[in-house]
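Architecture at a glance
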Amino acid sequence: MFDYLEWKIGVRNEGLVRAVSGYIIKLSTSVIGLLSGLVFDLIKYVPLKDAAGNLIPHTNPDILLGIFAVFALAPAVARFGYGLSILLFNVHGKFRDRMLEDLAERRVETANKNGATEQA
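Structural notes on the pattern of salt bridges
Pairs may arise between side chains of opposite charge once their charged atoms sit close together. Summed over the entire model, instances satisfying the criterion amount to 3 salt bridges. Across the salt bridge formed by Arg107 and Asp3, the nearest N and O atoms sit 3.5 Å from each other. On the criterion of sequence distance, the pair formed by Arg107 in helix 4 (residues 93–119) and Asp3 in helix 1 (residues 2–9) is long-range, its members being 104 residues apart. Among the residues examined, Arg107 registers a relative accessible area of 38% and is labelled partly exposed. By relative accessible area, which is 24% here, Asp3 ends up partly exposed. Its salt-bridge partner being Asp102, residue Arg106 comes within 3.1 Å of it at the nearest N-O pair. Here Arg106 and its partner Asp102 are both found in helix 4, 4 residues apart, which amounts to about one turn of the helix.

What counts as what
Residues numbered from 1 in each chain as written. Predicted model: local features only at pLDDT ≥ 70, side-chain atom pairs only at ≥ 80, totals over all residues. Heavy atoms only, no water. Salt bridge = Lys/Arg side-chain N within 4 Å of Asp/Glu carboxyl O. Helix = DSSP H or I, 4+ residues; strand = E, 2+ residues; numbered from the N terminus. Buried < 20%, exposed > 50% of the residue type's maximum accessible area, 1.4 Å probe, protein only.

In structure tokens, the structure reads:
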């Protein structure tokens, strides 16, 4: 990602990419919490307790399916989407090799320009 950004706009900026990535992680964590709560409301989850007040496991198939959806299916769908986005981000194979060669040439040119400027 960092190399692609440098190749595309000419500036390498790890700080900006890390800041945006951190924000996206915080945002997705908030959305996950919201969706989990919504699903629990949707399936009408109410903890079961025995006479002593101890929690007992649910046996209602609808509730169990909803819990399975929250903790297994939703993350699986999200991972599939993440994998698809990686496949659509075309920085692999010959394109990546050409991009890295182009970056190496640009860096050498920049280093030569900076060296000539410092000597003058």
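Still more ground to cover, so stick around.
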